[in-house]
Amino acid sequence: MRTEDDVTTDRAADRALVLGPGGYLGTAWTAGLAAGLREAGIDLAEADLTVGTSAGAIVAAVLTAGQDPARLATPTGAAPARRPDTALTGAVFALLGQGLDPAEARRRVGRLALQSADPEAEADLLRRRTALIATDTWPEQRLLITAVCAHNGEPALWDAACGVPLARAVAASSAFPGIEVPVTVDGRHYIDGALRAGTNADLAAGARTLVVIDPLAHRHPGTPTAPGALTLAPDPAAARLLDTPGPADPATWQAAYRAGHTQATPAAALLHEAWRPVTPR
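Residues numbered from 1 in each chain as written. Predicted model: local features only at pLDDT ≥ 70, side-chain atom pairs only at ≥ 80, totals over all residues. Heavy atoms only, no water.

A.B. asks: A description of the state of the cysteines should follow, citing residues and the corresponding values.
C.D. replies: Summed over all chains, the structure comprises zero disulfides. The thiol of Cys149 is unpaired, and the distance to the nearest cysteine sulfur, on Cys162, comes to 14 Å. Among the residues examined, Cys149 registers a relative accessible area of 3% and is labelled buried. Look at Cys162 and you get buried, because its relative accessible area is 17%. (Disulfide = S-S within 2.5 Å. Buried < 20%, exposed > 50% of the residue type's maximum accessible area, 1.4 Å probe, protein only.)

What follows is the structure in C-alpha cells.
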C-alpha cells in the first residue's frame, strides 16, 4: 500500500487520467466514453498516470491492461448477486450528510460497513470483478487504485508494487456499503475509494494535462475537481439515465454505455490538443 506522502513525492505526470465513481451505470458510461474517444483518435490508455476509484477503478484496470474498453459494451457478471441493502446505503448517506470531520465520517461509515462483511458475498464480488476486468495483473503504466480501510477510516492507495492482486484492489475500491460487501486485504476489510475524496483527483495534481471523468458530477455541481483539470461529465440526458432507480439490468447498462459513447464526439474536440504528449512517442 502506498501512503499519500509516497504519491505526492512521485514525479509529476505529463498526462494524467482520473476515473471517478459512478456505480453500475457509471462504469458503463465511462467505458462507452473511453471507447468512443479511442475511435476518435484519443487513447486514454496512453496516460502516464491513471487514478481509478470505484467504477473508475474497473475501467482503469481495463484501459491500463491494454484492453479495448468496447468489451464493456455489455456487462459480464457486473450486477450484484444479491439485492442491495438499501437501509445500510441510506444510513451511510445520512451519516455523510451530517457535516462531520471527513476522517471521523469515514470511521463511522467503516463501522457500519463491517456489519455486512460476508465471506461468501465477498468471493462472489471478486469473481464478478475479475470477469469484468479480465486480468489480475498490474500494468506497467502507473495505476493507482483507491480504497478506505473499514476498521479505522484511513485511505488506502494501491499500485503495482503493493503486492495486492489487481482484481482484489478493484473489488475493494468499488465496494460501497450496502451495495457490495467489504473486501479483505491482508486481514483487514476495505470499502469504496470514493469515501476518501470523490474522484480523488488530488492524487494526480501537478500533471501537465489532467483529464477527470466524473460520472457523478451532476450530483455535486460547482464542486471543484482539481486546478486546471479538464472534466468530462454526463450530459443532462445521460445524467438522467445514470440516476435510473431500481435494480441494475443489462439493458440499462447498454444504454448507459451508448450514452457515454455518444458524448465522445464533443469530448474529443475538447481533448484534441491537450491530450497530445509533450514529446511524441
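This is not the end of the story, as more comes after the structure.
A.B. asks: Give a detailed account of the packing of aromatic side chains, specifying residues and quantitative values.
C.D. replies: Enumeration over the complete set of coordinates arrives at three aromatic pairs. Ring centres of Tyr24 and Trp253 lie 4.9 Å apart, and the angle between their planes is 70°; this geometry places the pair in the edge-to-face category. With a gap of 229 residues between them, Tyr24 in helix α2 (residues 23-39) and Trp253 in helix α10 (residues 250-271) connect regions that are remote in the sequence. As far as the burial class goes, Tyr24 and Trp253 line up, both buried. (Phe/Tyr/Trp six-rings, centres within 6.5 Å; stacked < 30°, edge-to-face > 60°. Helix = DSSP H or I, 4+ residues; strand = E, 2+ residues; numbered from the N terminus.)

A.B. asks: Please give an account of the side chain of Arg15 that cites residues and values.
C.D. replies: Mapping Arg15 onto the fold places it in strand β1 (residues 15-19). Judged by its relative accessible area of 1%, Arg15 falls in the buried class. Side chain to side chain, Arg15 and Glu46 meet in a polar contact 3.1 Å long. (Polar contact = N/O pair within 3.5 Å; in protein donor to acceptor, adjacent residues only side chain to side chain.)

A.B. asks: Would you mind going over the pairing of strand β7 (residues 209-213) in detail, with residue names and values included?
C.D. replies: Most of β7 sits out of view: five of its five residues are buried. Alternating residues of β7 divide into Thr209, Val211 and Ile213 and Leu210 and Val212, and every residue in both groups is buried. Relative to strand β8 (residues 230-232), β7 is paired through three bridges, and the arrangement is parallel. By the bridge assignment, Ile213 is partnered in β8 with Leu232. (Pairing = 2+ DSSP bridges.)

A.B. asks: Any chance you could break down the nonpolar core for me, citing the residues and the numbers?
C.D. replies: By size, the foremost hydrophobic cluster in this structure holds 62 residues, and its most contacted members are Leu17, Leu37, Leu44, Trp158 and Ile213. Sorting elements by how many residues they give to this core places α2 first, with nine residues. Ala16, Leu157, Leu203 and Leu210 belong to the second-largest nonpolar core, a separate cluster that totals 14 residues. (Core = buried A, V, L, I, M, F, W, Y, C linked by side-chain atoms within 4.5 Å.)

A.B. asks: So what about the packing of helix α3 (residues 55-64) against helix α6 (residues 119-133)? Which residues, and what values?
C.D. replies: It is the contact of α3 with α6, at a shortest axis distance of 9 Å, that shows an interaxial angle of 40°. By the criterion of interaxial angle, the relationship of α3 to α6 is oblique. Contacts from Ile58, Ala61 and Val62 in α3 reach Arg129, Leu132 and Ile133 in α6. Across the contact of α3 with α6, the residue classes break down as five nonpolar, no polar and one charged. (Axes fitted to C-alpha atoms, helices over the stretch in contact; angles between N-to-C directions. Parallel < 35°, antiparallel > 145°, perpendicular 65-115°, else oblique. Contact = heavy atoms within 4.5 Å. Nonpolar A, V, L, I, M, F, W, Y, C, P; charged D, E, K, R; others polar.)

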